[in-house]
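Now for the letters of each chain:
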Amino acid sequence: HAVDSIQQTLSSSFFSTVLDGIMGIAVLVMMMLYSWQLSLLSFLLVFLYLLLRVLWYSPLRAATEEGIIHAAAHDSNFLETIRGIKTIKLFKQRMSLWQSLLADKVNAGLRVSKLQLFYGLGSGLLSALGSILMVFLGARMILAGQFTVGALMAFMSYQGMLDSRITQLINNYFTLKMLRIQT
């Protein structure tokens, strides 16, 4: 399972990472042509997303390592129990140990899921607040005559593309870092 995960991640993420980087640079140039002020806000949002991802990496890595350890202990105990069944009494003792290890494995998986849920919540909140701030500042620029509604719509489209490309680039980097756990 670990080898498949590593192989799939490396083969699929390499090309998408290269393309995301190229597209991110192209979109960034277009955004700078429209408005350097709003582009600066986009940079800030990307930086905050990266910061969120960096802060979440350590606890997620620890929880994932714990999950792998508990899964390995559970699976090896289960195999030992199946191989070593000589009496029903022995099996009952092994069964309670197996159930305890299964509970540890499930709890570790729940910790990973909880961390991923809170990360998704934080990321979504950051994205929503960034969009609101972008529209607010863009509207102020329109009212000041520095921008048109069409230019703001085009900029927002480019900002969405940049956000998805850079977010995917950052996610691919941290996915590759998480693969080190598997090795």
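Anything mentioned here points back to the structure above.
Trainee: Break down the overall build of the protein for me, citing the residues and quoting the values.
Mentor: Across its full length, the protein carries four helices and zero strands. Sequence-ordered secondary structure for the protein, helices as α and strands as β, is α-α-α-α. Sorting the 183 residues of the protein into buried and exposed places 30% on the buried side. Excluding contacts between residues fewer than 6 apart, the proportion of contacts in the protein whose partners are at least 24 apart in sequence is 84%. About 11,600 Å² of surface is accessible on the protein, with carbon and sulfur atoms providing 71% of the total.

Trainee: I'd like a rundown of the pattern of salt bridges, residues and numbers included.
Mentor: By the definition in use, this model includes three salt bridges. Between Arg61 and Glu65 there is a salt bridge, and its shortest N-O distance comes to 3.3 Å. Note that Arg61 and Glu65 are positioned in helix 2 (residues 36-83) at a spacing of four residues, about one turn of the helix. For Glu65, a relative accessible area of 30% corresponds to the partly exposed category. Between Glu66 and Arg111 there is a salt bridge whose closest N-O contact spans 2.5 Å. Placement of the pair is Glu66 in helix 2 and Arg111 in helix 3 (residues 88-143), with a sequence separation of 45 residues. Given a relative accessible area of 32%, Arg111 falls into the partly exposed group.

Trainee: Mind laying out the environment of Ile181, listing which residues take part and the relevant values?
Mentor: Note that Ile181 resides in helix 4 (residues 149-182). When the C-alpha positions of Ile181 and Ala62 are compared, they lie 9.5 Å apart, and in sequence the two are 119 residues distant. When neighbours within four sequence positions are excluded, Ile181 is seen to be in contact with Arg61, Thr64, Glu65 and Ile68.

Trainee: Just give me the short version of the packing of aromatic side chains, but keep the residues and values in it.
Mentor: Applying the stated criterion across every chain, the model contains five aromatic pairs. Ring geometry for Tyr49 against Tyr119: centres 6.3 Å apart, planes inclined by 55°, an arrangement best described as tilted. In this pair, Tyr49 is assigned in helix 2 and Tyr119 in helix 3, connecting sequence segments 70 residues apart. Here Tyr119 falls in the buried class, since its relative accessible area comes to 13%. Between Tyr173 and Phe174 the ring centres are 5.1 Å apart and the planes differ by 80°, which places this aromatic pair in the edge-to-face class. According to the relative accessible area criterion, Phe174 is buried, its value standing at 4%. Aromatic rings pair up to connect Tyr49, Trp56 and Tyr119 into one cluster. Lying across the ring of Tyr57, Lys177 places its NZ or CZ 4.5 Å from the centre.

Trainee: Residues and numbers for the nonpolar core, please.
Mentor: Counting 26 residues, the largest nonpolar core has Leu38, Met134, Phe147 and Phe155 as the members making the most contacts within it. Put simply, the parts of the chain that give this core at least two residues each are helix 1 (2-34), helix 2, helix 3 and helix 4. Of all the elements, helix 4 adds the most residues to this core, at nine residues. Dropping the residues within four chain positions of it, Met134 is found in contact with Leu38, Leu41, Ser42, Leu45, Phe155, Met156 and Gln159.

The rules behind these values
Residues numbered from 1 in each chain as written. Predicted model: local features only at pLDDT ≥ 70, side-chain atom pairs only at ≥ 80, totals over all residues. Heavy atoms only, no water. Helix = DSSP H or I, 4+ residues; strand = E, 2+ residues; numbered from the N terminus. Buried < 20%, exposed > 50% of the residue type's maximum accessible area, 1.4 Å probe, protein only. Contact = heavy atoms within 4.5 Å. Areas by Shrake-Rupley, 256 points an atom, 1.4 Å probe, with all protein chains shown as cover. Salt bridge = Lys/Arg side-chain N within 4 Å of Asp/Glu carboxyl O. Phe/Tyr/Trp six-rings, centres within 6.5 Å; stacked < 30°, edge-to-face > 60°. Lys NZ or Arg CZ within 6 Å of the ring centre and 35° of its normal. Core = buried A, V, L, I, M, F, W, Y, C linked by side-chain atoms within 4.5 Å.

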